[in-house]
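Chain and residue survey
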There are 4 protein chains.
Amino acid sequence: MNETHASMLPDLKERVRKFIDEVAIPLEGTAIERDVEALDEIAGTLRRQAREAGIYGPQLPKEYGGLALPWRACAELFEECARGLLGPIALNCAPPDQPNALLLDLLASPAQRERFLGPIARGEKRACFAMTEPAPGAGSDPSMLKTTARRGNGKWVLDGHKKFISGGVKADIAIVPAQTEEGVTLFVFDTATPGYRVTRDIAMATSYQIGGHAEIVMEACELPGDAVLGTVGQGFEHIQLRLEPARLSHCMRFIGRARRAMEIAQRYVSQRVSFGAPLAELQQVQAMVADSHIDLHASRLITHHCAQLMDEGKSVKHYSSMTKVFVSEAVGRVADRAMQMCGALGVSEDEAISAIWREARPFRIYDGANEVHRSAIARRILHRNLSP
Amino acid sequence: MNETHASMLPDLKERVRKFIDEVAIPLEGTAIERDVEALDEIAGTLRRQAREAGIYGPQLPKEYGGLALPWRACAELFEECARGLLGPIALNCAPPDQPNALLLDLLASPAQRERFLGPIARGEKRACFAMTEPAPGAGSDPSMLKTTARRGNGKWVLDGHKKFISGGVKADIAIVPAQTEEGVTLFVFDTATPGYRVTRDIAMATSYQIGGHAEIVMEACELPGDAVLGTVGQGFEHIQLRLEPARLSHCMRFIGRARRAMEIAQRYVSQRVSFGAPLAELQQVQAMVADSHIDLHASRLITHHCAQLMDEGKSVKHYSSMTKVFVSEAVGRVADRAMQMCGALGVSEDEAISAIWREARPFRIYDGANEVHRSAIARRILHRNLSP
Amino acid sequence: MNETHASMLPDLKERVRKFIDEVAIPLEGTAIERDVEALDEIAGTLRRQAREAGIYGPQLPKEYGGLALPWRACAELFEECARGLLGPIALNCAPPDQPNALLLDLLASPAQRERFLGPIARGEKRACFAMTEPAPGAGSDPSMLKTTARRGNGKWVLDGHKKFISGGVKADIAIVPAQTEEGVTLFVFDTATPGYRVTRDIAMATSYQIGGHAEIVMEACELPGDAVLGTVGQGFEHIQLRLEPARLSHCMRFIGRARRAMEIAQRYVSQRVSFGAPLAELQQVQAMVADSHIDLHASRLITHHCAQLMDEGKSVKHYSSMTKVFVSEAVGRVADRAMQMCGALGVSEDEAISAIWREARPFRIYDGANEVHRSAIARRILHRNLSP
Amino acid sequence: MNETHASMLPDLKERVRKFIDEVAIPLEGTAIERDVEALDEIAGTLRRQAREAGIYGPQLPKEYGGLALPWRACAELFEECARGLLGPIALNCAPPDQPNALLLDLLASPAQRERFLGPIARGEKRACFAMTEPAPGAGSDPSMLKTTARRGNGKWVLDGHKKFISGGVKADIAIVPAQTEEGVTLFVFDTATPGYRVTRDIAMATSYQIGGHAEIVMEACELPGDAVLGTVGQGFEHIQLRLEPARLSHCMRFIGRARRAMEIAQRYVSQRVSFGAPLAELQQVQAMVADSHIDLHASRLITHHCAQLMDEGKSVKHYSSMTKVFVSEAVGRVADRAMQMCGALGVSEDEAISAIWREARPFRIYDGANEVHRSAIARRILHRNLSP
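Fair warning: this is a prediction, and the values are worked out from it, not measured in the lab.

1. Some thoughts on the overall build of chain A
Each helix and strand in chain A was counted, giving twelve helices and ten strands. Relative to the 2.2 N^0.38 estimate, which gives 21 Å for 388 residues, the radius of gyration of chain A is 21 Å and therefore close to what a compact globule would have. Dimensions of chain A, computed from C-alpha atoms along their principal axes, come out at roughly 80 × 50 × 45 Å. Long-range pairs, those at least 24 residues apart, make up 73% of the contacts in chain A with a sequence separation of at least 6.

Encoded structure:
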């Protein structure tokens, strides 16, 4: 983070905080949390307001109205805005489009930039990244990818079945890895392409996912020759470019979510009296407060450290895995404690804790299950004899 | 458990297992999990079928069609039936009516038995037990009870505000503790009584709760003089009679829930291949399987031990607290592991794991938050110098 | 446990308790905890007194002065006596001779019974079971056994290197598994046999191990033809006979150890004042007390359940593994909490907690590392599709 | 850390690493770990060599031969040197003299500097800080201090009883807080003062503590008027100056200790074969490796963050508490995993893991028990409404 960015940050954070508290949080509610159309509609409104507040797209290129901030600064703004369940949607830094735009920015041809990246970055269209497949296709192990793309007449024909594709419902654009003769290749195309079909919005324990979680079938889906994103056969290498920042961005946002849960819980235990004293005076409650602050403090440091490395252009393969494992488990613990501190109120949808708790859980699963990361981290350590 | 009961048990368990797998599980689904009317309708159908299968009401008196089994036998049947998300509803051993019927059986006058206990036990009507109040009323600390009952003209006039009352939506009967001049007193009455009003069904993270979670207001709610359940001023003592069996019954049922989650997860990891082998061959997955079986094994032993004490007429104040703390945390761990083992599928509502995971979480909160139990257990130990 | 044993048990337990408190505990001390000769000397004295008190050898055959109690009764007496750091030594139910005697009782020829089992069971001699070898020999994986026994002239010639052999220092008798042409075979012989040499007593974090932890070298160690214990080539099957009871007996004793630690800690927190009140009134301390009682309660139930199965002659391969994993971790947690509750005093050797804490730790390692058990438990479950 | 220090650091770290591996580690051994005189003798030798290597006293003033580095640089050197069990002793940055010298540097009069600080900083003499008292004196709660100092004839007369005073055996200098009429006051004096008596070296589970753990009695111990350190009645404020850096320095050193344990464990699992493959290929082992690296990575970041704040002159009351709780538990987990990975070898004293494991445990107790810190952290948060 250079000095200009560092000097802008306090003001930006304050503006985001105010926007979240005054604009975004009041719109939250169970009625909309899983309603794809309602979320899209709110997104439109909120993004206009975020643009007016000068906080739209912290990570987005300036040409599309973004702030083009480095990762280290994004870490603080993503956290700040994610306190609002609708915050990342409002700033257009929610997944999957935040990493989708990043990937397009790195790989898209000029025509693809104009047709796909521009509308996504301006918040006019939505894309999904359709990787996961039902068994026996690609899950934790991407090499099991079953979707295929065959060449013919200067075109590509896609066939495949995708599942749990976040943001896939009513998405305008799809980014799809598929097996080709030359190896895995990425394709980007309009979801209106014949043969591409969203079969359902899969109900999940989570919430506030723009575009829900789609199951998608592609049957003889014919794409133009220029639908390839990046280089033919380089799909896996390209996916890595998206994966690591996506993972780290999740950490940034979830720290904000967990912080929101604790804000509610701290307020509650300070007021709620039981057995003659506020809950805040009970040591078991105090231990939960202390542990949550420690978890969040460590989560921030470990996330900021990795963001800094990314800004310096260094490889974060190892550190982003460690960060993901630590933060996904820490924010899960924090949300769990916040719920326990608030009792039945915390379980109810009257407060945001329940939604945050449900949303935090799968972070231990997606972006690579923590078990997969643990194994990969250790193999790297043991093979290269990395110092503990 | 005497020999007769012991000899009946294997056959009863097998019939319950079959009923759950063939009749109850196929009816599960997200469409109904929070739909109070749909659950009531299904309850009617399933209870008829359960009666035909000879498995209705394991814990209910024979005069109402139940099996009148001792706690130790109920432990096994409650577990067995709770594998089905609709199982306890089907056998009419779901909360809150399972402990409600128990309380009425112990305290009701002959007229109250006929008017309230009979219809509940036969599954014709539903009751709620309306204890919890919004702050600053009764929560973990029952002594903060704010609801009052004033005497006048041979009647009682209730005023109060209740919240998070499970089973309260569309309940026919209410059991309500209230402050009177003589101390806390229980009242049982028809919810059609003027002044009694369910203001909403509170959305909760949980699922499959018959009668949802009501917020209730009572304003000048006039009850007849014989609405007192048990003895005036003995409300807290009476509540204890309900609390301990209610808590232990929850343990029994949740063991079944957690077992169901693991059945799904074991099937999944045996089939799903990743990185060249079934997930079942990965040690991190194996550790989750082993730990879950150990958790369930210990949960059963600790629950059955306590059930046995109850059958022997011994006080289970101490042991039921220890059992509740252990089992509520163990089943939470098991559900969490089952979800992790199944990845995105486990988070989705395509499998029952997600509902079980959401439902298990608040068990660490209700029936006395685990923190309250831990403190009470320790104070009992330290004051009476109980041997570790 | 039949009625006779059940009726004897309360009195036996009371006598053991009194013996431990009055006779065994006063002899404890850092000066002797790792002094093999001092422990042997004390053993002699204490065993005489235990015999007089009618509590010697709960598990030992009556012909050698033991009580020949079933496992379920032993569970309670082993716990009771293990409260004393010298208790199991006093009752001659300490490892390794407790399972050594069991193995000999099952396999020894009449001559071996007289020569080896009798002196061990009467507490006159000590044996060691020398399985573990330095890398690349047998550790967690017994199939890596490197020690060999070659036949020649009606004799057996042993060559091998053993390490971490508890009880091996100054042992009179050795039981040694070795590779033979027909498969692994057990040998029992006098340690005075030429070629058998204890090279050192390995310093360990643990304490009060009779016979310390030996490193042993066998070079051309010539044994008579009748040194085979059991059947040639059946060594692995024979070892199983020792392993499962040994593992479960450890559980029984460690419950007693952990209980002792908590007795000390409960006394301490009831008396020690800090910030104006006894530590016992602090919720974080209360949580430690409650969790420890819950851990011990569950540990007892799970251990007694397995002991009962053994008395019924059932296979406990699966349950003894689950019991070992649960109890070894539970008693470790209890000892850790007891230490934390007592602060610096708990870390010091002024109280027995420190020794118990150090001794409990390796129980997660020996008798099969918990990781090995977890993997084996899960593979059994998944291959046989065992119900959770 | 300014640029000069930053540029020196890599070379300094490398020199420390080399010194530890080649000079300090070879001298480790169970024979000396609790032998106060042997440790003192080795200290003399090692300090000479450290001075020659240009690495003596990273934190000490230059006037006494130290490097006078800022905290952020010390963090890295303390970690590096603490890989050797004798490392901090060699560099004279071991407790209690590392924080003792700091306290004297802040408070000592010129005469006290010359008489006490100089010899300590040059490694010629040793001091102890005698705070803790047996019950009912000062433990976690310093306000319970029972030691008194009465004025008379221009002198002070001390009476008190101290316990668990690390470094107290054969210390030349004592720093003692005592109650005076004006409030708690610090005294610094020669231990040869009549009436001051070390009654014993308390055996503890820990190891490599220079000066052991003393129990001390002061009876009519007459001190000159200028024995006051700092200001009369300001003892508690003065102690804070020592406490926070002492706590953070422990974190720095323990990270090095835990790293050493993992270095040994990584080497072991890479070589040791079991069930047909190196332990390193087992996922349960991999999970332990990954978790330990994550724990150490987070521990470093949280410790370095706090060190940086100290260098900036900011209050670290809150952050040093959070750091201490996190790091003390993290290094305990790491040492525990390293032991588990190495099996019996890890429990033995053949490798340093056992000593590290025993030494790490009490860090959750001293410098303020973690329970006390958790409560203090939470009360600060809740009273000041600090953001999570």
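2. Digging into the interface of chain D and chain B
In this complex, chain D contributes four residues to the contact, which on the side of chain B involves four residues. Across the side of chain D that touches chain B, the residue classes tally to two nonpolar, two polar and no charged.

3. A closer look at the relation of the copies chain D and chain B
Taken together, a rotation about one axis and a shift along it account for how the two chain copies relate. Screw-axis analysis of chain D against chain B gives a translation of 0.0 Å along the axis, an RMSD of 0.0 Å, and a rotation angle of 180°. Expressed as a symmetry operation, the mapping of one chain copy onto the other fits a two-fold axis. No C-alpha of chain D approaches the rotation axis more nearly than that of Gln283 of chain D, which lies at 2.6 Å. The share of interface residues of chain D whose copies in chain B are also at the interface is 100%, consistent with both copies meeting through the same surface.

4. Section: the confidence of the model for chain A
Taken over all residues, the pLDDT of chain A has a mean of 96, while the share at 70 or more is 100%. Here the complex is predicted with pTM 0.98, and the ipTM for its interfaces comes to 0.97.

5. Describing the interface of chain C and chain B
With 31 residues of chain C at the contact, the number on the chain B side is 31 residues. Residue assignment for the side of chain C that touches chain B shows that the elements contributing at least two residues are helix H7 (235-271), helix H8 (283-311), helix H9 (317-342) and helix H12 (370-384) of chain C. Among the elements that line the side of chain C that touches chain B, the one with the most residues is H8 of chain C, at 14 residues. Class assignment for the residues of the side of chain C that touches chain B results in 18 nonpolar, nine polar and four charged.

6. Here's the deal with the relation of the copies chain C and chain B
When chain C is fitted to chain B, the residual RMSD is 0.0 Å, and the transformation amounts to a turn of 180° plus an axial shift of 0.0 Å. Most of the interface of chain C is mirrored in chain B, where 100% of its interface residues are also at the interface.

7. Quick look at the environment of Lys13 of chain C
All names here are of chain C. Note that Lys13 resides in helix H1 (residues 3-24). The spacing of Lys13 and Ser348 is 335 residues in sequence and 30 Å in space, taken between C-alpha atoms. Those residues in contact with Lys13, other than ones at most four positions away along the chain, are Glu76, Leu77 and Glu80.

8. Looking at the packing of helix H8 (residues 283-311) of chain A against H8 of chain C
One can describe the packing of H8 of chain A onto H8 of chain C by two numbers: an axis separation of 7 Å at closest approach and a directional angle of 95°. The angle between H8 of chain A and H8 of chain C falls in the class roughly perpendicular. Within the contact between the two elements, H8 of chain A uses Gln283, Gln284 and Ala287 of chain A and H8 of chain C uses Gln283, Gln284 and Ala287 of chain C.

9. Here's the deal with the pairing of strand S4 (residues 173-180) of chain C
Residue and element names in this part refer to chain C. Most of S4 is tucked away: six of the eight residues are buried. Here three bridges tie strand S1 (residues 127-129) to S4, and the two strands are oriented parallel to one another. Note on S4: the bridge partner recorded for Cys128 is Ala174. One ladder, built from eight bridges, connects S4 with strand S5 (residues 183-190); its direction is antiparallel. Within S5, the position partnered with Thr180 by the bridge is Gly183. Between S4 and S5, which pair antiparallel one after the other, the connecting turn spans two residues.

10. Considerations on the nonpolar core
Ranked by internal contacts, the top residues of the largest apolar core, which has 549 residues, are Phe187 of chain A, Phe187 of chain B, Phe187 of chain C together with Phe187 of chain D. Among all residues touching Phe187 of chain A, those that are not within four sequence positions of it are Ala149, Trp156, Leu158, Val176, Ala178, Leu223, Ala227, Val228 and Leu229 of chain A.

11. Re the domain arrangement of chain A
Residues and elements named next belong to chain A. Here chain A is described as being made up of domain 1 (3-94), domain 2 (127-233) and domain 3 (236-384). Centre-to-centre separation of domain 1 and domain 3, based on C-alpha positions: 20 Å. In this complex, domain 1 contributes 16 residues to the contact, which on the side of domain 3 involves 17 residues. A total of nine residues in the side of domain 1 that touches domain 3 trace back to one element, the largest contributor, which is helix H3 (residues 71-82). Here the side of domain 1 that touches domain 3 is built from residues that sort into nine nonpolar, one polar and six charged.

Cut-offs and rules
Residues numbered from 1 in each chain as written. Chains lettered and ligands numbered in written order. Predicted model: local features only at pLDDT ≥ 70, side-chain atom pairs only at ≥ 80, totals over all residues. Helix = DSSP H or I, 4+ residues; strand = E, 2+ residues; numbered from the N terminus. Rg over C-alpha atoms; globule rule 2.2 N^0.38 Å. Contact = placed C-beta atoms within 7 Å. Nonpolar A, V, L, I, M, F, W, Y, C, P; charged D, E, K, R; others polar. Least-squares fit on C-alpha atoms with pLDDT ≥ 70 in both. pLDDT = per-residue confidence, 0-100. Axes fitted to C-alpha atoms, helices over the stretch in contact; angles between N-to-C directions. Parallel < 35°, antiparallel > 145°, perpendicular 65-115°, else oblique. Buried ≥ 20, exposed ≤ 12 C-beta atoms within 10 Å, placed from the backbone. Pairing = 2+ DSSP bridges. Core = buried A, V, L, I, M, F, W, Y, C linked by C-beta atoms within 7 Å. Domains from an automatic or database assignment.

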